[in-house]
Structure formats: structure tokens, C-alpha cells
Amino acid sequence: MTKEHFQKEAKKYIANAKTLNSLNEKQVKAITELKKTLEHVVYMLHECHDLYMSDVGKLERGFHLLDNAFGTEPTEWELERFAEYDIQWPPKSKTKTKGS
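Read on for an overview of the structure. Source: prediction; values computed, not measured.

Here we take up the overall build of the protein chain. Broken down by element type, the protein chain carries 4 helices and 0 strands. Taken from the N to the C terminus, the helices and strands of the protein chain come in the order α-α-α-α. Here the C-alpha atoms of the protein chain give a radius of gyration of 19 Å, more than 25% beyond the 13 Å that 2.2 N^0.38 yields for 100 residues. In terms of overall dimensions, the protein chain has a C-alpha envelope of 60 × 40 × 25 Å along the principal axes.

Pasting the structure below:
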């Protein structure tokens with residue numbers, strides 16, 4: 001591996017750190033916890049070819065933390081409440097998402 005390769009890697013880590021610094025505490029916690037859980041689950045699958053039910057629970061928790069921290073689309077239940085309270089969805093100034 002060359003010096004340029006490692007310079008590129010260092011720049012990537014700096015960019016990632018800047019991105020994390022721009023997030024709120026809830027978002028950082030969600031990413032950090034899910035990353036740790038995924039690392040553990042992948043290890044268990046490689047070593048044991050199995051998962052404990054507690055690991056499945058951790059994956060589910062990580063998913064919900066991530067969804068709550070970065071959710072951009074309301075659930076059907078929330079859409080019903082929006083309609084009930086006359087909240088317009090999608091909002092007029094909708095946040096750009098991938099594919100928009």
C-alpha cells in the first residue's frame with residue numbers, strides 16, 4: 001500500500017469525524033450503538049454460525065434508535081394523526097431525499 005492510499009484513508013476518517021460532529025447527540029448515539037451491535041452480531045455469525053435472541057433484540061433496538069434519529073417518513077398511524085389534527089403531509093417545503 002502506498003503513502004497516497006493512507007493519505008486518502010486519513011482524509012476519509014477526518015471527513016467522517018466532521019460528519020459525526022455535525023449530528024445531534026441522539027443521532028450519534030444511534031449510529032454508535034448500532035455499529036457496535038453490528039460488529040458483535042457479525043462476529044457471532046462468523047464464529048458460531050448462530051445468534052442469541054439477545055443479539056436479535058439488540059439489532060431491533062439499534063434499528064429503532066436509527067429510525068427515530070433519522071426518520072424522514074411518518075408511519076401510517078402518524079399519517080392518520082396528521083390528518084386528524086389537520087397537519088399537511090408532505091410539508092410544502094419537503095426535505096430533499098435520495099431520488100428527489
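On to helix H2 (residues 25-48), then. An ideal rise of 1.5 Å per residue puts 34 Å on 24 residues; H2 measures up with 34 Å between its terminal C-alpha atoms. If you check which residues of H2 are buried, you get Gln27, Ala30, Leu34, Thr37, Val41 and Met44. The inward-facing, buried residues of H2 contact helix H3 (53-70). The N-cap residue of H2 is Asn24: its side-chain oxygen and the backbone nitrogen of Lys26 are 3.0 Å apart. Remark: His49 follows H2 within two positions and exhibits a positive phi of approximately 55 degrees.

Both the distance between ring centres and the angle between the ring planes are used here to describe each pair of aromatic rings. In this structure the tally under the stated criterion is 1 aromatic pair. Across the ring face of Tyr13, the terminal group of Lys12 is positioned such that the distance to the ring centre comes to 5.2 Å.

Our next topic: unusual backbone geometry. Pro90 follows Trp89 through a cis peptide bond whose omega is 0 degrees. Residue position: Pro90 is located in the segment after helix H4 (76-84). Phi angles above zero are rare outside glycine, and His49 is one such case at about 55 degrees. On the secondary structure map, His49 appears in the loop between H2 and H3. Residue class for His49 comes out exposed when judged on its relative accessible area of 68%. If you check the backbone angles, Asp86 has positive phi at about 55 degrees while not being a glycine.

Its location among the elements puts Asp55 in helix H3. Despite being buried, Asp55 has no salt bridge partner; Lys58 is the closest side chain of opposite charge, sitting 4.2 Å away. With near-sequence residues (within four places) excluded, Asp55 lies in contact with His40, Val41 and Met44.

What counts and how
The numbering scheme is per chain: residues are counted from 1 as the chain's sequence reads. With pLDDT at 70 or above as the cut-off, local features in this predicted model cover only qualifying residues; side-chain atom pairs require 80 or more to be listed or tallied, and sums for whole chains, interfaces and linings still use all residues. Neither water nor hydrogens contribute to the side-chain values; these are computed over all heavy atoms in the structure. The way it works is that DSSP assigns letters per residue, a run of H or I at least four long becomes a helix, a run of E at least two long becomes a strand, and they are numbered from the N terminus. Radius of gyration: C-alpha atoms only; globule rule: 2.2 Å multiplied by the number of residues to the exponent 0.38. Multiply 1.5 Å by the residue count of a helix minus one, and that product is the helix's expected span. Burial classification: accessible surface area is computed with a 1.4 Å probe over protein chains only, and a residue below 20% of its type maximum counts as buried, one above 50% as exposed, and the rest as partly exposed. Should any heavy atoms of two residues lie within 4.5 Å, those residues are counted as being in contact. In protein, a polar contact means a hydrogen-donor-capable atom and an acceptor-capable atom, both N or O and within 3.5 Å, with residues adjacent in sequence counting only if both atoms are side-chain atoms; elsewhere, any N or O pair within 3.5 Å suffices. Each aromatic pair joins two rings of Phe, Tyr and Trp (for Trp, the six-membered one) with centres within 6.5 Å, and gets the label stacked for planes under 30 degrees apart, edge-to-face for over 60, and tilted for any other angle. Whether a charge sits over a ring depends on NZ of Lys or CZ of Arg being within 6 Å of the ring centre and within 35 degrees of the ring normal. Under the convention used here, Asp and Glu are negative, Lys and Arg are positive, and both His and the chain ends fall outside the count. Think of a salt bridge as a Lys or Arg side-chain nitrogen and an Asp or Glu carboxyl oxygen that are within 4 Å of each other.

Interpretation in functional terms is not warranted from these geometric data alone.
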